[in-house]
Amino acid sequence: MTELLSPAGNFEKMKAALRYGADAVYLAGTCFGMRAAADNFSIEEIYEAVAYAHALGKKVYLAVNTLPHWEEFDALEQYLDDLSGAGLDAAIVADPGVLTLVKERLPETAIHMSTQAGCVSHRDCTFWQKQGASRIVLARELSFADIAEIRGRISKELELETFIHGSMCVSFSSRCMLSENLIGRDANRGRCAQPCRWNYNLFEISEEKRPETRFPVMENELGTFIMSSKDMCMIEHIPEMVRSGVLSFKIEGRMKSAYYAAVTANAYRMALDAYLRDPEGYVYDPAWLSELESVSHREYCTGYFFESPHSSANLTANTGYIREKAYLAVAIGYDPATGRATFRQKNKTVAGEWAELITPGSVGRPYLVSDMRSEEGEPIESAPHPNMIFTVQSDVPVREGDILRGAN
């Protein structure tokens, strides 16, 4: 069964991803995950998250994929002991020592080898399977041809997972030393400062023993970019993804918004369902890409599925983000008797303006913010305050969790 796996940077983002079609989410506690700057989950919240997901028939994977130093293992042991009753479906690990400890402390939890492990061959996959792994998150640097060869040479029981959307790291399998070397923040322990996204003042690079080989540095009016990668987007290649033999398709973005979690899950859910429902009659819908272009992202590319890093480094021409559409509000109720929908404000929402309404399983549709009233029922011109409750007259039914976003 094909799995859509979404990021969950906090409880709100997790709910959004699951509501909009993710089969599973991956999250981390406040330590030992590769996104230390995300909100992340307390021990108690992890227990609640697993219970919430399981009630929906969905799964939770815990990222424990840093490369901890010796002095951190006592704390890791206690951390895993604290989670022994949570019922986690899997732990995502990259380090052999962490793998061993997870097997000892969480024996009922499946083990997924992180992309940080850099698995690029059938031998890698088989080795980790012998150590107890049930799934391999393949390195991003592999092509479809590579994946097909690996799938054909490993056990049928061993699952494969790969990224299909989101940020890509400039370093192989995200193992990077730039941040540690430049400012003392170890990327391999979850504290990357993303120096590959910084602007550098360089003109041309040459290697000492190969002075005749020049590496030009591209520059435009926005700056100079020599390392910053584009974002991956495989929405136009769902048939190839499914036919590759990969079981789980992973969206990157635990640092992104709940809106990002919802929209990315929704777009890929629609595309996957359309293909799985009728592979022969499948037709790609450009509206799915339009949805993904509405979220915060860099220039999109197809990663290295079709060409190697040697032939295309996929460097962006602009380190800045293409900003997402305004996340105006989320629906928390609807009264069919009166036709009024209740929303919780996320960004300033103005009465009388056109917005777009997103509901699971469909792309955004025009929605007039009509007859806006306060929680007390008083007419208002806007909802300017964070988390403010307001109602509008709605011509269409609205479900809890539906999203109101800016039209432009």
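As shown above, the structure is provided for reference.
Residues numbered from 1 in each chain as written. Predicted model: local features only at pLDDT ≥ 70, side-chain atom pairs only at ≥ 80, totals over all residues. Heavy atoms only, no water.

## Here's the deal with the pairing of strand 23 (residues 403-406)
Thought 1: As defined by bridge partners, strand 15 (residues 327-335) adjoins strand 23 across three bridges and the pair is classed as antiparallel. Residue pairing in the sheet places alanine 329 in a bridge with leucine 404 of strand 23.
Thought 2: Bridge analysis of strand 18 (residues 354-358) against strand 23 gives four bridges, and the strand direction is antiparallel. By the bridge assignment for strand 23, glutamate 356 is matched with arginine 405. (Pairing = 2+ DSSP bridges. Helix = DSSP H or I, 4+ residues; strand = E, 2+ residues; numbered from the N terminus.)

## So, the pairing of strand 2 (residues 24-27)
Thought 1: Burial along strand 2 is two-sided: the face carrying Ala24 and Tyr26 and the face carrying Val25 and Leu27 are both buried.
Thought 2: The sheet contact formed by strand 1 (residues 3-7) and strand 2 spans three bridges and is parallel. The residue bridging proline 7 from the neighbouring strand is tyrosine 26, located in strand 2.
Thought 3: Where strand 2 lies against strand 3 (residues 59-64), four bridges are found, and the strand directions are parallel. Across the sheet, the residue bridging to tyrosine 26 is tyrosine 61, located in strand 3. (Buried < 20%, exposed > 50% of the residue type's maximum accessible area, 1.4 Å probe, protein only.)

## A look at unusual backbone geometry
Thought 1: Of note in the backbone geometry, aspartate 371 takes a positive phi value of approximately 50 degrees without being a glycine.
Thought 2: As for its placement among the helices and strands, aspartate 371 is situated in strand 20 (residues 370-374).
Thought 3: Overall, aspartate 371 belongs to the partly exposed group, its relative accessible area being 36%.
Thought 4: Phi at asparagine 387 is positive, roughly 65 degrees, even though this residue is not glycine.
Thought 5: Among the structural elements, asparagine 387 can be located in the loop between strand 21 (382-383) and strand 22 (389-393).

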